[in-house]
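Listed below are the residues making up each chain.
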Amino acid sequence: MPPEISVTVRLFASLREAAGADRLLLSVPRATPVGALWALLPDTVSAGSPPAALRYALNHEWTSPGAPLRDGDEVALVLPVSGG
Amino acid sequence: MMIGLSAEPLDLGAVAAAVRDSEHGGLATFLGCIRREEAIREVIAIDYQAYEELTQRELVAVAEEAAARFGATVAAVHRIGRVEVSEPSVAVAASAPHRAAAFAACRYVIDELKVRAPIWKRMVYADGATEWMDGRDRVPDERPA
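First, a word on what this report is: a plain description of the structure on this page. (Residues numbered from 1 in each chain as written. Chains lettered and ligands numbered in written order. Predicted model: local features only at pLDDT ≥ 70, side-chain atom pairs only at ≥ 80, totals over all residues.)

1. Looking at the sheet that holds strand β2 (residues 26-33) of chain B
Residues and elements named next belong to chain B.
Logical step 1: The sheet built from four strands is open, its strands ordered β1-β4-β6-β2 with mixed pairing. Either end of the sheet is taken by a strand with one partner, and the two such strands are β1 (3-6) and β2. Here the strands of the sheet are splayed against their neighbours by 10° on average, with no regard to which way each runs.
Logical step 2: Here eight bridges tie β2 to strand β6 (residues 88-96), and the two strands are oriented antiparallel to one another. Looking at β6, one finds that C33 is bridged to P88. (Pairing = 2+ DSSP bridges. Helix = DSSP H or I, 4+ residues; strand = E, 2+ residues; numbered from the N terminus. Axes fitted to C-alpha atoms, helices over the stretch in contact; angles between N-to-C directions.)

Written out as structure tokens, the structure is:
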């Protein structure tokens, strides 16, 4: 098996604006935890530490930062939403 | 089940019609509309962006919970895209055999939707600036026209 896997990262709100795209394709080491993706984003997109309330969805279901990634996974970085 | 997102203006009549039931004597509706907030910083519109797949799942789950808890049939539609001040951004309807359950279910759906649906707001201010309300510290796009 190849040492790296491909994952799609879905971006929303200010992340999408900073990236100029609604998703990024990243190559990461196999079994990288979901929570490690932030540090792998281009600097222009992440620009600093993640918000405390950042949540993650893996293939359209909520997941924890420790969930390991597999080839072809789609991860959404779910920034805090302000209802109202 | 009328549940989901819409890029078109909301039609409360259609949302209410979706929960009509000949056994349900109470039907409550709610519209959430854009506030101007002139005393704070005047808003002229809000641009909504959703994580559509997960929003749909969450809204369906909320509707099923409302059915189980209140015996209600519910509908909920949230706008995406730009919504002008005073225009509705979300419409909810709930019907139940009696009014108490209809009101309770309607309230339950809007309260849960606000917390659980991954839908972001980009404020468009009268002074020309825009701002994503997504919990990030920002410098960009705070640019008065």
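Read on for the rest.
2. Observations concerning helix α3 (residues 99-116) of chain B
In an α-helix, one full turn covers 3.6 residues, which means residues spaced three or four apart are oriented alike.
Residue and element names in this part refer to chain B.
Logical step 1: Its 18 residues place the ends of α3 25 Å apart at the C-alpha level, agreeing with the 26 Å of an ideal helix rising 1.5 Å per residue.
Logical step 2: Buried residues of α3: A101, A102, A105, C106, Y108, V109, I110 and L113, and no others.
Logical step 3: Summarising the contacts, the buried residues of α3 are in contact with β2, α2 (52-70), β4 (73-79) and β6. (Expected span 1.5 Å × (residues − 1). Buried ≥ 20, exposed ≤ 12 C-beta atoms within 10 Å, placed from the backbone. Contact = placed C-beta atoms within 7 Å.)

3. Observations regarding α2(B)
Logical step 1: Spanning 19 residues, α2(B) covers 27 Å between terminal C-alpha atoms, matching the ideal 27 Å at 1.5 Å per step.
Logical step 2: Of the residues trailing α2(B), G71(B) is marked for its positive phi of about 65°.

4. Description of the interface of chain B and chain A
Note on interface size: it is often stated as the accessible area lost on association of the parts.
Logical step 1: In this assembly, 18 residues from chain B lie in contact with 18 residues from chain A.
Logical step 2: Elements with a contribution of two residues or more to the side of chain B that touches chain A: α2, α3 and β7 (119-125) of chain B.
Logical step 3: Broken down by class, the residue content of the side of chain B that touches chain A amounts to eight nonpolar, two polar and eight charged. (Nonpolar A, V, L, I, M, F, W, Y, C, P; charged D, E, K, R; others polar.)

Interpretation in functional terms is not warranted from these geometric data alone.
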